[in-house]
Amino acid sequence: MPPFIKRGSLPETAITLPIEGMSCASCVGRVEAELKKVAGVGAVIVNLTTERAVVRGDGPLDRAALVKAVETAGYAVPAATTELSIDGMTCASCVGNVERALKAVPGVTDATVNLATERASVRGSADPAALVAAVAGAGYTAKSSASGTVDAEETAVKKKAEQAKLKHDLTFAAVLTLPVFILEMGSHLIPGTHELIMSTIGMQWNWYIQFALTTLVLFVPGIRFYKKGLPALARLAPDMNSLVAVGTMAAYSYSLVATFVPALLPAGTVNVYYEAAAVIVTLILVGRFLEARAKGRTSEAIKRLVGLQAKTARVRRDGRTAEIAIDEVAPGDVVEVRPGERVPVDGEVVEGESYVDESMITGEPIPVAKTVGSKVVGGTVNQKGALAFTATAVGGATVLSQIIRMVEEAQGSKLPIQAMVDRVTMWFVPAVITVATLTFLVWLVFGPSPALTFALVNAVAVLIAACPCAMGLATPTSIMVGTGRGAEMGVLFRKGEALQLLKDARVIAVDKTGTLTEGKPALTDLIVAEGFARNDVLAKVAAVEAKSEHPIARAIVELAETDGLDIPSISSFASVTGFGVKAEADGERVEIGADRYMTRLGLNVSIFRETAARLADEGKSPLYAAIGGRLAAILAVADPIKETTPAAIAALHDLGLTVAMITGDNRRTAEAIAKRLGIDEVVAEVLPEGKVETIRVLKARHGKLAFVGDGINDAPALAEADVGLAVGTGIDIAIEAADVVLMTGSLKGVPNAIALSRATIGNIRQNLFWAFAYNTALIPLAAGALYPAFGILLSPIFAAGAMALSSVFVLSNALRLKRWRASNSQSGDGFTGRSPNRRSRTLRKEE
């Protein structure tokens, strides 16, 4: 290095690598030593706390070599996910080209490209710059998104500019194409037009005018097809643009020869097809414009979610309240929210009372009461009262940001059904070019006179009719709209595959506590004996139970506090092992316990015999209370069934599904609840580790299984099921084990999710059928298969119109999902009805 050049003046590069497996300073030393051996490395800083290495060099660094060095040291660089925004893709072949280019980059383990979202998700340890370069090498442009989330405003501006450009180009092309069409086709369609042209400008000038106008159409608004299509053809990776470019250029070149050097063509073949080239470009621009408008509508769910984020927040700092940008709010800040305002970030209320509309999170329209200690979620709307809360999550950690990320990931995912489309489209465009070449040769050799004209027209028709736009849009557009609709209903698909797998579920296994029930014991029944007052009994029983830590005792105390009762002080508290508890309250002896305790005290519980039997049938365990030596009341504490559960079970039955309950509760309680709800099968007294084996048994018996749990203690069962659905609370949604998160906290989200899965996959199948059937039918027709028998040929103009319409149909069909509504009867999507009133069958533990 020359002495007059300082080391720091050279362009410096830095790469940050996450590292797994380091546990001490020796680990750090080993990693640093190996990284410094890599060529070009200048400085290495390895941080044990953050588990990251920052590598600096004076020039480009080889990321793959750095990763290998870390692995040589005995540690691992975990695969990361890089999000790329891709510009320039127009069809399924483009998707295949970009995916192949990304997968060829060293360090990439998987790459998924989505045409509808125009994004790529790449897993592995590859350098984002290398990924961008690979996409550029494939003929497209890419930009790395460091945050992994979509900049909604930037995307909206880009889409709006794209639509405006397409509209301008379409208008320009249409204005110039119309006179070309009239000059050429008017002679065939309008009587007297041919004679008028011949008597005024003549045929040769007619062709000159068409040439001038068509040249402008092809090389101003139509230049996009040649800029992208011809280089792709040269790389042996042709796409839709290649088909349009080759087709229109063939028609234009032939017409050019016929216009200026007709002697080169065989006798009887001198004709022009300027109108075909111009009209094809114009019609395809029509399709592109309509696609751009429809694509904008598919991502409205994300736009609405992003629109829910507040832009500013009113924060108390240094003894005063200031309005600051939302990005400046820090955890621990006290934030004020006035009536009617949107809650800016997640937090916990420290002042005030109000009702908050949380429908954007849970899908439930009823506002939720908020008092001191309540949690609030950013993006929800405060109603009448004023609140102050401590910020607990800001930026990307908020619930709304997590929801947006989940929806984006689901929308960008690739379903198993897409694998078939990918295999077909990989070979589709080369196959079409081959078919078009064969069509040209067959018509040239065996066709009627003028054979060259027939050969050219039919080959161009094949190229244009076969554009695979609809194939590339069929699956991702439906996924985008379906997952967006689910988010609006409080159903979040964390994994796109769940959207397809859920429709195949035959049995729904549900956890009891927290899923079917509230998950919290409550005093459900209190019947007092003659001569006793309810409130007096409840107050004294609560006074005694307040000394106990048992959940049942807490439920009794909570009800007394809720009712605003004055709880008396007690003395002489004692626990009678195996029977109950006793104490003195307001000078009276109070004893609480099971029937055997009352019998031991010499009290007759027969007056409550019928009540006790009813409570037992309902799966509740009765308790008795004696005051002053007399039987005073019978109580029952139970985990109450959620109000929405019965309707949800009925809806699952209407979808033709078997419902099984898996619980660790005692058999009698489980069977009582199952009987009330019409649940088909019961597996009771199962330990948490036994749930996994139970799920395997149910899968073997019924087929595909979806398990519904609370996402915490049910994590193994959620993972074992074909699809795991976690009942969220609307606050804590980051449930890693689940494939689907139900934000409402109620079971009714399950039939909604299944019905939406069926509707979305049905929509995808309709789209794929249309796309494949269209190409299968139109290619032979364009090649002239019907000409020998019926004399029918497909004009390239009609082929271009049909191609554009097929894409518009697919997009319009996908957008129908935006209006999808859940109901108990979805016969239109192939659902079968089934009565929920069936006897429950109990499975034994040993099964």
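Structural data are supplied above this passage.
What counts, and at which threshold
- Residues numbered from 1 in each chain as written.
- Predicted model: local features only at pLDDT ≥ 70, side-chain atom pairs only at ≥ 80, totals over all residues.
- Heavy atoms only, no water.
- Helix = DSSP H or I, 4+ residues; strand = E, 2+ residues; numbered from the N terminus.
- Buried < 20%, exposed > 50% of the residue type's maximum accessible area, 1.4 Å probe, protein only.
- Contact = heavy atoms within 4.5 Å.
- Areas by Shrake-Rupley, 256 points an atom, 1.4 Å probe, with all protein chains shown as cover.
- Pairing = 2+ DSSP bridges.
- Phe/Tyr/Trp six-rings, centres within 6.5 Å; stacked < 30°, edge-to-face > 60°.
- Core = buried A, V, L, I, M, F, W, Y, C linked by side-chain atoms within 4.5 Å.
- Axes fitted to C-alpha atoms, helices over the stretch in contact; angles between N-to-C directions.
- Parallel < 35°, antiparallel > 145°, perpendicular 65-115°, else oblique.
- Nonpolar A, V, L, I, M, F, W, Y, C, P; charged D, E, K, R; others polar.
- Salt bridge = Lys/Arg side-chain N within 4 Å of Asp/Glu carboxyl O.
- Patch = residues over 30% accessible without salt bridge, like charges linked within 9 Å, V, L, I, M, F, W, Y side chains within 5 Å.
- Expected span 1.5 Å × (residues − 1).
- Left-handed = near helix turned anticlockwise from the far one by under 90°.

Caption draft 1: Seen up close, the overall build of the protein. A tally of helices and strands in the protein yields 29 helices and 30 strands. Per-residue burial over the protein gives 51% buried out of 847 residues. The contacts of the protein with a sequence gap of at least 6 include a subset with a gap of at least 24, amounting to 69%. Summed over all atoms, the accessible surface of the protein reaches about 37,300 Å², with 58% contributed by carbon and sulfur.

Caption draft 2: Just the sheet that holds strand S15 (residues 381–382), in detail. The strand order across the open sheet formed by three strands is S13-S12-S15, and the pairing between neighbours is antiparallel. Only two strands of the sheet have a single neighbouring strand rather than two, namely strand S13 (368–370) and S15. Alignment of strand S12 (residues 354–357) against S13, held across three bridges, turns out to be antiparallel. Following the sheet pairing, Val-356 is matched in S13 by Val-368.

Caption draft 3: Representation of the packing of aromatic side chains. In total, this model carries 14 aromatic pairs according to the counting rule given. Taking 5.7 Å as the distance between ring centres and 20° as the angle between the ring planes, the aromatic pair formed by Tyr-208 and Phe-260 counts as stacked. Residue Tyr-208 is located in helix H7 (residues 202–219), and its partner Phe-260 is located in helix H9 (residues 240–260); the two are separated by 52 residues in the primary sequence. In this structure Tyr-208 comes out as partly exposed when scored by relative accessible area, which is 28%. Assessed through its relative accessible area of 42%, Phe-260 is described here as partly exposed. Cluster of aromatic residues (ring-pair linked, three or more members): Trp-205, Tyr-208, Phe-211, Phe-219, Tyr-226, Tyr-252, Phe-260 and Tyr-274.

Caption draft 4: Representation of the nonpolar core. Judged by nonpolar contacts, the single largest core of 135 residues is most densely connected at Ile-86, Met-89, Leu-102, Phe-493, Ile-508, Met-661 and Leu-725. Element by element, the count of residues in this core is highest for helix H27 (residues 749–783), at 16 residues. Among residues more than four places away in sequence, those in contact with Ile-86 are Val-98, Glu-118, Arg-119, Ala-120, Val-135, Tyr-140, Thr-141 and Ala-142. Among the nonpolar cores identified, the runner-up in size contains 39 residues, and Val-605, Tyr-624, Ile-627 and Ile-634 belong to it.

Caption draft 5: View of the packing of helix H8 (residues 223–234) against H9. Packing of H8 against H9 leaves a shortest axis separation of 7 Å and a crossing angle of 105°. Comparing their axes, H9 and H8 come out roughly perpendicular. On H9, the residues that touch Phe-225, Tyr-226, Lys-228, Gly-229, Leu-230, Ala-232 and Leu-233 of H8 are Met-240, Asn-241, Ser-242, Val-244, Ala-245, Val-246, Thr-248 and Met-249. Residue composition of the contact of H8 with H9, by class: 10 nonpolar, four polar and one charged.

Caption draft 6: Region of interest: the side chain of Thr-760. Looking at where Thr-760 falls in the secondary structure, it is placed in helix H27. For Thr-760, a relative accessible area of 0% gives the class buried. Those residues in contact with Thr-760 that sit more than four places away from it in its chain are Ser-478, Gly-482, Leu-499 and Leu-817.

Caption draft 7: Broad picture of the pattern of salt bridges. The final tally for this structure, using the stated rule, is 23 salt bridges. Taking the shortest distance from any N to any O, the salt bridge between Arg-224 and Asp-169 comes out at 2.0 Å. Taken together, the residues Arg-224 in helix H8 and Asp-169 in helix H5 (residues 152–189) connect sequence positions 55 residues apart. Given a relative accessible area of 6%, Asp-169 falls into the buried group.

Caption draft 8: A look at the environment of Leu-131. When you line up the elements, Leu-131 lands in helix H4 (residues 128–137). Sequence separation between Leu-131 and Ala-104 is 27 residues, and the spatial gap between their C-alpha atoms is 9.5 Å. Every residue in contact with Leu-131, bar those within four places of it in the chain, is listed here: Thr-82, Leu-84, Leu-102, Val-105, Val-108, Val-122 and Ala-126.

Caption draft 9: Representation of a nonpolar patch on the surface in the model. On the surface, Val-442, Leu-444, Val-445 and Phe-446 cluster together to form a nonpolar patch covering roughly 420 Å² of accessible area. Assignment of secondary structure puts Leu-444 in helix H14 (residues 416–446).

Caption draft 10: View of helix H19 (residues 534–545). Counted at 1.5 Å a residue, the expected span for H19 with its 12 residues is 16 Å, and the 16 Å between its end C-alpha atoms agrees. Those residues of H19 not exposed but buried are Val-537, Leu-538, Ala-539, Lys-540, Val-541, Ala-542, Ala-543, Val-544 and Glu-545.

Caption draft 11: Spatial organisation of unusual backbone geometry. Following Ser-449, the chain continues to Pro-450 via a peptide bond in cis, the omega torsion being -10°. Take Pro-450: it is sitting in the loop between H14 and helix H15 (451–465). One non-glycine residue with positive phi stands out, namely Ser-572, at about 60°. Note on placement: Ser-572 falls in strand S20 (residues 570–576). Among the residues examined, Ser-572 registers a relative accessible area of 58% and is labelled exposed.

Caption draft 12: Inspection of the packing of helix H1 (residues 25–36) against helix H2 (residues 63–72) at higher detail. Look at H1 against H2: their axes get within 8 Å of each other, and the N-to-C directions meet at 140°. Between H1 and H2, the crossing angle belongs to the class labelled oblique. The element H1 and its partner H2 pack so that their crossing is right-handed. Residues Val-31, Glu-34 and Leu-35 of H1 pack against Leu-66, Ala-69, Val-70 and Thr-72 of H2.

Caption draft 13: View of the pairing of strand S24 (residues 630–638). By the criterion of burial, S24 is predominantly enclosed, with eight of the nine residues buried. Sheet topology places strand S19 (residues 522–528) next to S24; six bridges connect them, and they run antiparallel. Paired with Leu-526 across the two strands is Leu-635, which belongs to S24. With seven bridges connecting them, strand S23 (residues 621–627) and S24 associate as antiparallel partners. Bridge pairing links Ala-625 to Ala-633 in S24. Hairpin connection, S23 to S24: the antiparallel pair is bridged by two residues, and Gly-628 has positive phi, about 65°.

Caption draft 14: Just the sheet that holds S19, in detail. Taking strand neighbours across the sheet as the criterion, the six strands line up as S19-S24-S23-S22-S21-S20 in an open arrangement whose pairing is antiparallel. Of all the strands in the sheet, the pair left with one neighbour each is S19 and S20. Pairwise comparison of adjacent strand axes, ignoring direction, gives a mean angle of 20° for this sheet. Sheet topology places S20 next to strand S21 (residues 580–585); five bridges connect them, and they run antiparallel. Its bridge partner being in S21, Ser-575 is matched across the sheet by Val-581. Seen against the sheet, H19 touches S19, S20, S21, strand S22 (588–593), S23 and S24 and runs at an angle of roughly 75° to S22.

The analysis is restricted to geometry; functional conclusions fall outside its scope.
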